[in-house]
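Residues per chain, in single letters:
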Amino acid sequence: MTAVNKALVASFYDAFNREDAALFRTILSSDWKDHPEAPGQKPGPDGLIDVVAAFRGAFEGLVITPEQVVAEDDHVVVRIRLEGRHVKPFFGHSPSGRQVTFSGMDMHRLRDGRIAETWHFEHFDVTSV
């Protein structure tokens, strides 16, 4: 089951990198919860789809790369790296035009073959943005 859970979570990052709304709707439960939500984020998969579009819009060529994946029972934890060029405002920071790299960590809880909840944090070095 661990390999199946890791493969499902790998699809989450694939959907992010391709901005694939249909894939998000396939792999996320209809009542998926995001912890913490972005300001004004709608609930469920549609909220994530909007957030991903805004995030990818602020960083041209944004790619999220899983660097380490650990799975146990119904949870999968992933250390991630995000890279892209800052081309639009982001959290109040004007576009710098620079290529930036962020790190982060996600924990996904799976239920009935879908991702039911995601907890995440990212380390944004605002001096590089």
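Per chain, residues are indexed from 1 in the order of the written sequence. Reporting of local features is limited, given that this is a predicted model, to residues whose pLDDT is at least 70; pairs of side-chain atoms are given and counted only at 80 or more, and all residues count toward the totals for whole chains, interfaces and linings. Hydrogens and water are ignored here; the side-chain numbers use all heavy atoms of the structure.

Asker: What is the right way to look at the overall build of the protein in this model?
Answerer: Secondary structure elements are defined from DSSP: runs of H or I of at least 4 residues count as helices, runs of E of at least 2 residues count as strands, and each element is numbered from the N terminus. Within the protein one finds 3 helices and 5 strands. When the helices and strands of the protein are placed in sequence order, the string is α-α-β-α-β-β-β-β. Over its C-alpha trace the protein gives a radius of gyration of 14 Å, about what one expects of a compact globule, namely 14 Å for 129 residues. Overall size of the protein, expressed as C-alpha extent along the three principal axes, is 45 × 30 × 20 Å. Counting only residues that meet the buried cut, the protein has 37% of its 129 residues in that class. Two residues qualify as a contact provided that any one of their heavy atoms is within 4.5 Å of a heavy atom in the partner residue. A fraction of 54% describes how many contacts in the protein between residues 6 or more apart in sequence connect residues 24 or more apart. For the protein, the exposed surface amounts to about 6,900 Å²; the carbon and sulfur share of it is 55%. Charge counting treats Lys and Arg as positive and Asp and Glu as negative, with His and both chain ends excluded. The atom standing in for a charge is NZ when the residue is Lys, CZ when it is Arg, CG when it is Asp and CD when it is Glu. On the protein, the mean spot of the 14 positive side-chain charges and the mean spot of the 19 negative ones are 4 Å from each other. Atoms counted for the radius of gyration: C-alpha only. Globule rule: 2.2 Å times the number of residues to the power 0.38. Relative accessibility decides the category of a residue: with a 1.4 Å probe and only protein chains considered, values under 20% of the type maximum give buried, values over 50% give exposed, and everything between is partly exposed. Note on areas: Shrake-Rupley, 1.4 Å probe, and residue coverage restricted to the protein chains presented here.

Asker: Explain the layout of surface pockets to me, please; I cannot follow it from the model alone.
Answerer: One water molecule sets the probe size; rolling that probe over the atoms shows where empty space is left. As a volume, the largest pocket reaches approximately 610 Å³. In this structure, the largest pocket is lined by 30 residues; those nearest its centre are Ala38, Val51, Phe55, His120 and Glu122. Elements supplying a minimum of two residues to the lining of the largest pocket: helix 1 (2-18), strand 1 (28-35), helix 3 (44-58), strand 3 (75-86) and strand 5 (114-123). Ranked by the residues each element gives to the lining of the largest pocket, the list is headed by helix 3, at 8 residues. Grid points spaced at 1 Å over the protein atoms alone were grouped into cavities, where a 1.4 Å probe fits but cannot get out, and pockets, open sets with protein on both sides within 12 Å along at least five of seven lines, with lining residues defined by an atom within 4 Å of a point. Grid points are joined across faces, edges and corners, and a volume is the space filled by probe spheres set on the points.

Asker: Even after reading the chapter, I still don't get the nonpolar core, so can you show me in this structure?
Answerer: The tendency in soluble globular proteins is for nonpolar side chains to be buried as a group. We define the nonpolar core as a collection of buried residues of types Ala, Val, Leu, Ile, Met, Phe, Trp, Tyr and Cys that are connected through side-chain atoms lying within 4.5 Å of one another. Residues Phe12, Phe24, Leu28, Phe59 and Ile115 are the most contacted members of the largest nonpolar core, which totals 29 residues. Secondary-structure elements contributing two or more residues to this core are helix 1, helix 2 (21-27), strand 1, helix 3, strand 2 (59-72), strand 3 and strand 4 (99-111). In terms of residue count, helix 1 provides more of this core than any other element does, 6 residues in total. Phe12 has contacts with Phe24, Ile27, Leu28, Leu48, His108, Ile115 and Thr118, leaving out every residue within four places of it along the chain.

Asker: How should I be thinking about helix 1 in this particular structure?
Answerer: For a helix, the expected span equals 1.5 Å multiplied by the number of residues minus one. Under the 1.5 Å per step criterion, the end-to-end length of helix 1 is 25 Å for 17 residues, consistent within 8% with the ideal 24 Å. Among the residues of helix 1, those classed as buried are Asn5, Leu8, Val9, Phe12, Tyr13, Ala15 and Phe16. Considered in projection along helix 1, the buried side chains sweep an arc of 155° and stay on one side of the axis. For helix 1, exposure combined with an orientation more than 90 degrees from the buried face picks out Ala3 and Val4. With its phi angle positive at about 50°, Glu19 sits one or two positions after the end of helix 1. Note: the arc covers the axis-to-C-beta directions of the helix.

Asker: Where do I start with helix 3 in this structure?
Answerer: Three or four residues apart is the spacing at which side chains of an α-helix point the same way, because the helix has 3.6 residues per turn. End to end, helix 3 covers 22 Å across 15 residues, agreeing with the expected 21 Å (1.5 Å per residue, within 8%). Of all the residues in helix 3, the buried ones are Gly44, Pro45, Gly47, Leu48, Ile49, Val52, Phe55, Arg56 and Ala58.

Asker: What exactly am I supposed to notice about the environment of Trp32 here?
Answerer: Inspection of the secondary structure puts Trp32 in strand 1. Distance in space between the C-alpha atoms of Trp32 and Ser94 is 31 Å, their sequence separation being 62 residues. Only 3.0 Å separates the side chain of Trp32 from the side chain of Thr118, close enough to count as a polar contact. Here a polar contact is taken to be a pair of N or O atoms separated by no more than 3.5 Å, where protein atoms must pair a possible hydrogen donor with a possible acceptor and residues adjacent in sequence count only if both atoms sit in side chains.

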